[in-house]
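What follows is each chain in one-letter form.
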Amino acid sequence: MAEITILKRTRTEAVVTQRKFFKKTARGKVIKVLRERYLRDDVSCGIDHCRECTDAQSLPVSGDLQHPSFPNGHFVLPDTNVFLSQMDLVESPLFTPPIILLQTVLEEVRHRSLPLYNRLKALTRMDEKKIWVFYNEYRAETAIIREEGETPNDRNDRGIRKATAWYNSHLKVNRPPIRGQPAPKLPTIVLMTEDAANRQKAVKESMTSVSVRKYVEGMKGATQLLDLLAAEGTSEIEPTKAVAGRQALYPDYLPTTALLAGVKAGQLHQGHFNANQYNYLEGSVPVPGSSKPVLLVGRENMNRAVDGDIVVVEVFDEKEWKAPADEVVDQDATLKNDDAEDSADEGDTEGHEVLTRESKILQSEKRSAERQPTGRVVGVIKRNWRAYVCHIDSTSLTSSNSTSLSQQTVFATPVSRLLPRIRLRTRQAPSLIGQKILVTIDRWDVTSRYPEGHFVRALGKVESKEAEQESLLLEFDVPYRPFGKAILDCLPKEGEQWVVPPKSDSSPDWKNREDLRELIICSIDPPNCQDIDDALHARPLPNGNIEAGVHIADVSNFVHPDTPMDSEAASRGTTVYLVDKRIDMLPALLGTNLCSLRPFVERLAFSAIWEMTPEAEIVNVRFTKSVIASKAAFTYEEAQIRKDDPHHQDDLARSIRLLNTLAQKLKAKRMAAGALNLASPEVKIQLESPESSDPIDVEQKEMRETNSLVEEFMLLANISVARKIEETFPQTAVLRRHLPPPRTNFEKLQDILLKRKDMKLDVSSSRALAASLDQCIDPSEPAFNTLVRIMATRCMLSAEYFCSGSVGKDTFGHYGLASPIYTHFTSPIRRYADVLAHRQLSAAIGYTPLHASLHSKPYVEHVLDVVNRRHRMAQMAGRASVEFYVGLALKGRGEREKKVGGQAAEVTEDAFVIRTFRNGLGVFVSKLGIEGLVMFKKNMQFDAENYTITVRSTTIAVFDKVTVRISVEKDKNTQRGKVKMNLVHPIDSSGL
Amino acid sequence: MVQSISTLKCASRIEILNEGGFRSDGRRQYELRSIEIDLSQQGHADGSAVLTHGLTQVLVSVFGPREAKMRSQTIHDRANINVELSIAAFSAGDRRKRSRGDKRILEFAAAIKSTFEPVIQTSLYPRSQIDIFVQVIQQDGGFLQACINATTIALMSAGIPMIDFICAVSGGVHSTSPLLDLTLLEENDVPNLTVAVMPKTRKVSLVTMETRLHVDRFEEIFKLATEAGQVIHGEMKAAILKWSKGLVKSMGHGNQDRDGGEVDEVGFD
Ligand SMILES: [Zn+2]
């Protein structure tokens, strides 16, 4: 048992250790807060072989010997600002000195920026980085209190200096000179700070202190690292131009207190800033209490907000309300001549030109009558800046001489259309042309038209698969590092040789497990499926009923709570499927082997077994851990053939037929209850071979009866499990829900359908919606119904995981599935929520006790927040990957046709118009599952009320079927690939 | 707008147990806060003690055994124990005024009474009454443990015969890590309990839990708290011994120092 002790505190210490202060609560009440702190002398310095400190150590004994300025070795002790402004540098694998991270610094970083704090925490856990957290506030010699008249900043700086001094003397005391030997060389503690005043103070107190730039300049490989320095750091060294002379382009933000007070009083509103992908001069902010988002028109009103930022807006007087513009405004086209270097002083004539151009656009825009609130950004609560994948705009280079190492100011154009161009300085500009690069935004001043950022690293050549793949993963924040040793150590040590042990009473693996090896179980999946999560069986019972079973890989038998593998899976949240790559949530040994329910081998499973009447009414359900031996792994197609072919009269075929009849009845019941048949554009990319991964063609996914068979039973299992865990753990059950969409979401679609097709969409309930969607049929156009379903799906909210105790029970329902309760249980190999559901179900049937964390509501909420976010990101990454390959396939197809026809042929496809603009059409090519934009050079006759545009006396309306010519074009300047579409029918738009 | 406040709060929230194994006040998991025991005379009380756990401070005054004031409360074969609890308005952060009749206060008083009933040898004083006045001066978590420990000391200083000490300690579980002797900050964050033990017999005389705690975790923290009770016992014993030595000395015939052995008998045989 652990040793229990009392910490004695002397009375004299009380001054340092006790604190009383008053705090105002959210409700405005003042409360007294008492805090005390215990000072200790056993807080470890973290340096190897220290005579005094015995904790686990992680810093090498003489620090780092590589830096020429510190021949005796050194440790870096950075202050808070170094982490706040130079995190990319610290994260770089080239930046390797051992770092002493003070508690004071860590806490200040946490206070200032949670994302940076999280990045810093992640660094402290990495084996490659030598970072020691020194809890200086708890060590008696280094703890300090704020003195009277001292700002918190000054207090922290003093604390940092005190800790530096302590380290120096601690090293000295613990490495005393030995008689007869030369005095030991003591490594230097290098206080790293950007604050010149603090450096002076440190030097006066005879410490070593340097700025980040000076330190990096002395390093080997400085050029690469210098580019990583944030823009903030550079202004100190070489002030660019007369900053004072610059003219403010944007209004200043209000102070935070005024923002909070304004929001509280209801005068200001807070929300996420959403940029408009069609028009870079417009954005919107959905705010609580208003059914329509607040529209921000023009640069000045958007006031430096970047997509995803949490901003505070002021709503204008109702007289000024407007409708969103009906025009496509492309940033690249409008700003193509803007000079990166010159626009540093935006006030001059060049800048005026841009402004006039932009204001002309804003004025000329004709807007329809339908108005919505407009406003402007008055402050930012939280920036959500991250690293963005960009291309360097070659026209912004002043010198493209590839050996030039002179510093240039250039523009980086983000791949995402939602982001502004970023201005950055680099010495590597020429070598970055034609590459995908990662850029972060550092700041956006009122005097600067564009945000300023810095180059992080190059990802590779544009259109190379590696660069495209990595940029996709980065853009959607998918963790893709290989699994570390600590994680792989959690796998069974038998590795590939692991087998289910022979059945015996003494075997722990067999304890309380049912032997289902004799059952005729099979799995049905897409072709080449390697991670088989689920398998099924059905057989008639003597009483005339049917036994049906769903058997799911028993992942929780291998992945235990509180292990590195578990935390990694929790933070990954889901497996991500790209066209040519799968980024696993769990190591492949589990996913594709030990947990995969392969045929002909024994596997551990978690089974849900129902007794059903022939009418698919559930008589009872039970859950059990089991051992199964699948008898076959079918593809959907094989299973379909086996079922349909009357020559097959074996047990497997009978089992599939039985499952199929039940599934049809289950589906009929679900539909009757109001489940929606939704659609999203699903296409499949045909790759030539897994190695070359050259796409041959795009085809639409085919849906067979057997797809539906598997789906129905998975839904059934998920619903049954959800009921069970909710009943057992009403406070913390891991569930999934789909909230009903707000009616206003459908208004536009309803209006279009009514005006263009004279169809009505009843959105009063999911059942009504399902029924009216069934009526949206154009007999001449079979794909029309699917299109409407896709558009309706976009009006809905997305489904989400949640903790049962955190929301009202009346909001548990799954709208799309029309089920009162739902969870995810059936894919634990690739979804983390399922792993949690497995643990809870296992506890619910008394197989294992429930880990304490799953009793904790805050823990479950936190994990599900992460999983929800990862899930969304994974879907977007998958979609983007498909889009990229569709582009490649189009290019390939165009080239092949060129060979055959002898001339430059382009791909033409049928498309539906889904949106009309004053100067363009939004179209959806259902065969390829992509959306595109047909642009006209000038505005056309446009009828916003009726969703039509008239081009050369031909009127085109939303839902019209048109033919488009599709080509993939590279932007000359940025090399960014762009799908370009032109109308071919009813009119040819190539000249327009 | 709610979000803005909660994000700010989130950022400033304090870690209950950081990766270095330190709690927010610099203690490790099984370290108890500083304990101070002041046995100096308070007013006319027959026995009194001011006990401090960290920043939580409680004053207990004991009167009696004395003749029961009210007929209705006399018990013919033993003494009646009367516990009154008051919480100073300035003791806690929110300055909430709690009246004596407050239901929570009555509950706590009843818990203290039932904790001590089995150890006080009430049968020695039939038809009399023992009044215990518990005053909470300052609160920073572990309010009940402080009340119980202070009451033990005060009863001893009043010379009331008891069969054993009662030592209380609070504990909680952060994620899966047990913590002992919680501050207010910790109490608000983690599921917690208070355990009172009789160190000689190792019997448990009180367990209270106001938050839900999983049964497996309960067992672990319960064992730890029981163990911690023994540690607190040592501290209380030493304080009593020191006090009684001082008392003996001041009475002028204190040359026969006991050799530090069982001090339990000092006050009450
Ligand atoms: Zn040391």
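For clarity, every value in this text was computed on a predicted model and none was experimentally measured.

Participant: For the overall build of chain B, give the residues involved together with the corresponding values.
Facilitator: Within chain B, the regular secondary structure consists of 5 helices and 10 strands. A total of 269 residues make up chain B; the buried ones form 51% of that total. Relative to all contacts within chain B whose residues are 6 or more apart in sequence, the contacts with residues 24 or more apart total 68%. By element, 51% of the accessible surface of chain B is carried by carbon and sulfur atoms, the whole surface being about 12300 Å².

Participant: How would you summarise the packing of helix H21 (residues 651-672) of chain A against helix H22 (residues 705-728) of chain A if you had to cite specific residues and measurements?
Facilitator: Residues and elements named next belong to chain A. Running from N to C, H21 and H22 point in directions that differ by 70°, and their axes come no closer than 8 Å. Here H21 is positioned roughly perpendicular relative to H22, judged by the angle of their axes. The handedness of the crossing between H21 and H22 comes out as left-handed. Of H22, the residues touching H21 (which contributes Ile656, Leu659, Asn660, Leu662, Ala663, Gln664, Leu666, Lys667 and Arg670) are Glu705, Ser708, Leu709, Glu711, Glu712, Phe713, Leu715 and Leu716.

Participant: An account of the interface of chain B and chain A is needed here, citing residue identities and associated values.
Facilitator: Listed by partner, the interface residues are 50 residues for chain B and 47 residues for chain A. Applying the counting criterion to the chain B and chain A interface returns 4 salt bridges. If you look at where chain B meets chain A, you find 13 residue pairs in polar contact (both at pLDDT 80 or more). Counting residues per element, the ones that place at least two in the side of chain B that touches chain A are helix H1 (2-12), strand S1 (31-32), strand S2 (35-38) and helix H5 (215-251) of chain B. For the side of chain B that touches chain A, the leading source of residues is H5(B), giving 8 residues. Taken together, the residues that form the side of chain B that touches chain A break down as 17 nonpolar, 16 polar and 17 charged. Looking at chain direction, strand S1 (residues 5-6) of chain A and S1(B) are connected through 2 bridges and run parallel. Of the residues in S1(B), the one forming a bridge with Ile6(A) is Leu32(B).

Participant: Explain the sheet that holds strand S9 (residues 268-272) of chain A to me, and be specific about the residues and the numbers.
Facilitator: Each strand in a sheet pairs with another by means of backbone hydrogen bonds, the pair being arranged parallel or else antiparallel. Residues and elements named next belong to chain A. Taken together, the 3 strands give an open sheet; going across it, the order is S9-S13-S14, and neighbouring strands pair in antiparallel fashion. Where the open sheet ends on each side, the last strands, each with one partner, are S9 and strand S14 (375-382). Geometrically, the sheet is characterised by an average inter-axis angle of 35° between neighbouring strands, direction not taken into account. Where strand S13 (residues 310-315) and S14 come together, 6 bridges link them in antiparallel fashion. Within the sheet, the bridge partner assigned to Val315 lies in S14 and is Gly375. Sheet strands touched by helix H11 (residues 256-265): S9, S13 and S14. Its angle to S9, the strand with the most contacts, is close to 100°.

Participant: Which residues make up the coordination of the zinc ion, and what are the values?
Facilitator: By definition of the ideal shapes, a tetrahedral metal site with four donors has angles of 109.5 degrees and an octahedral site with six donors has angles of 90 or 180 degrees. Residues and elements named next belong to chain A. Coordination sphere of the zinc ion, protein contribution only: Cys45 (SG), Cys50 (SG), Cys53 (SG) and His170 (NE2), at 2.0 to 2.3 Å. Because the angles between the 4 donor atoms bound to the zinc ion fall within 105 to 116°, the donor set is best described as tetrahedral. Linear spacing of the donor residues for the zinc ion on their chain is C-x4-C-x2-C-x116-H. For the pair Cys45 and Cys53, one class covers both residues: buried.

Participant: Account for the nonpolar core, with residues named and values stated.
Facilitator: Counting residues in each nonpolar core, the largest one holds 62 residues, and the members touching the most others are Val62(B), Leu85(B), Phe116(B), Ile120(B), Ile132(B), Leu155(B) and Leu180(B). Apart from residues lying up to four places away in sequence, Ile120(B) is in contact with Ile81(B), Ile130(B), Leu155(B), Ile160(B), Pro161(B) and Met162(B). Counting residues in hydrophobic clusters, the runner-up holds 60 residues, among them Phe83(A), Ile100(A), Met192(A) and Val456(A).

Participant: With reference to specific residues and values, describe helix H20 (residues 636-644) of chain A.
Facilitator: Looking only at H20(A), the buried set comprises Tyr636(A), Ala639(A), Gln640(A) and Lys643(A). Down the axis of H20(A), the sector holding all buried residues measures 100°, keeping them to one side.

Participant: Pulling in residues and values, what's your account of the packing of H20(A) against H21(A)?
Facilitator: Residues and elements named next belong to chain A. Remark: H20 packs on H21, axes separated minimally by 9 Å, with the N-to-C direction vectors making an angle of 100°. Taken together, H20 and H21 sit at an angle that is classed as roughly perpendicular. Contacts from Ala639, Arg642 and Lys643 in H20 reach Leu652, Ala653, Ile656, Arg657 and Asn660 in H21. Tallied by class, the residues present in the contact of H20 with H21 amount to 4 nonpolar, 1 polar and 3 charged.

Participant: Hey, could you go over the sheet that holds strand S15 (residues 387-392) of chain A for me, with residue numbers and the actual values?
Facilitator: Residue and element names in this part refer to chain A. Ordered by their spatial adjacency, 5 strands build a closed barrel running S15-S16-S17-S19-S18, and the pairing between neighbours is mixed. Across the sheet, the axes of successive neighbouring strands diverge by a mean angle of 50°, strand direction being ignored. Bridge analysis of strand S18 (residues 435-443) against strand S19 (residues 452-461) gives 8 bridges, and the strand direction is antiparallel. The partner of Ile437 across the bridge, within S19, is Ala458.

Participant: Outline the pattern of salt bridges, listing residues and values.
Facilitator: Side-chain pairs of opposite charge can arise whenever the charged atoms involved come near each other. With the rule as written, the count across this model stands at 64 salt bridges over all chains. With its nearest N and O atoms 3.0 Å apart, the salt bridge here joins Arg155(A) to Glu137(A). Taken together, the residues span a long stretch of sequence, with Arg155(A) in helix H6 (residues 152-174) and Glu137(A) in the loop between strand S6 (131-134) and H6 at a distance of 18 residues. Side by side, Arg155(A) and Glu137(A) carry an identical accessibility label, which is buried. Arg27(B) is the salt-bridge partner of Asp181(B), the closest N and O atoms lying 4.0 Å from each other. Here Asp181(B), found in the loop between strand S8 (177-180) and helix H4 (184-187), pairs with Arg27(B), found in the loop between H1 and S1; they are 154 residues apart in sequence, far enough to count as distant. Classification of Arg27(B) by relative accessible area gives buried; the value is 0%.

Rules used throughout
Residues numbered from 1 in each chain as written. Chains lettered and ligands numbered in written order. Predicted model: local features only at pLDDT ≥ 70, side-chain atom pairs only at ≥ 80, totals over all residues. Heavy atoms only, no water. Helix = DSSP H or I, 4+ residues; strand = E, 2+ residues; numbered from the N terminus. Buried < 20%, exposed > 50% of the residue type's maximum accessible area, 1.4 Å probe, protein only. Contact = heavy atoms within 4.5 Å. Areas by Shrake-Rupley, 256 points an atom, 1.4 Å probe, with all protein chains shown as cover. Axes fitted to C-alpha atoms, helices over the stretch in contact; angles between N-to-C directions. Parallel < 35°, antiparallel > 145°, perpendicular 65-115°, else oblique. Left-handed = near helix turned anticlockwise from the far one by under 90°. Salt bridge = Lys/Arg side-chain N within 4 Å of Asp/Glu carboxyl O. Polar contact = N/O pair within 3.5 Å; in protein donor to acceptor, adjacent residues only side chain to side chain. Nonpolar A, V, L, I, M, F, W, Y, C, P; charged D, E, K, R; others polar. Pairing = 2+ DSSP bridges. Donors = N, O, S within 2.8 Å, 3.2 Å for Na, K, Ca; no water. Tetrahedral: all angles 85-135°; square planar, octahedral: opposite > 155°, others 65-115°. Core = buried A, V, L, I, M, F, W, Y, C linked by side-chain atoms within 4.5 Å. Arc of directions from axis to C-beta.

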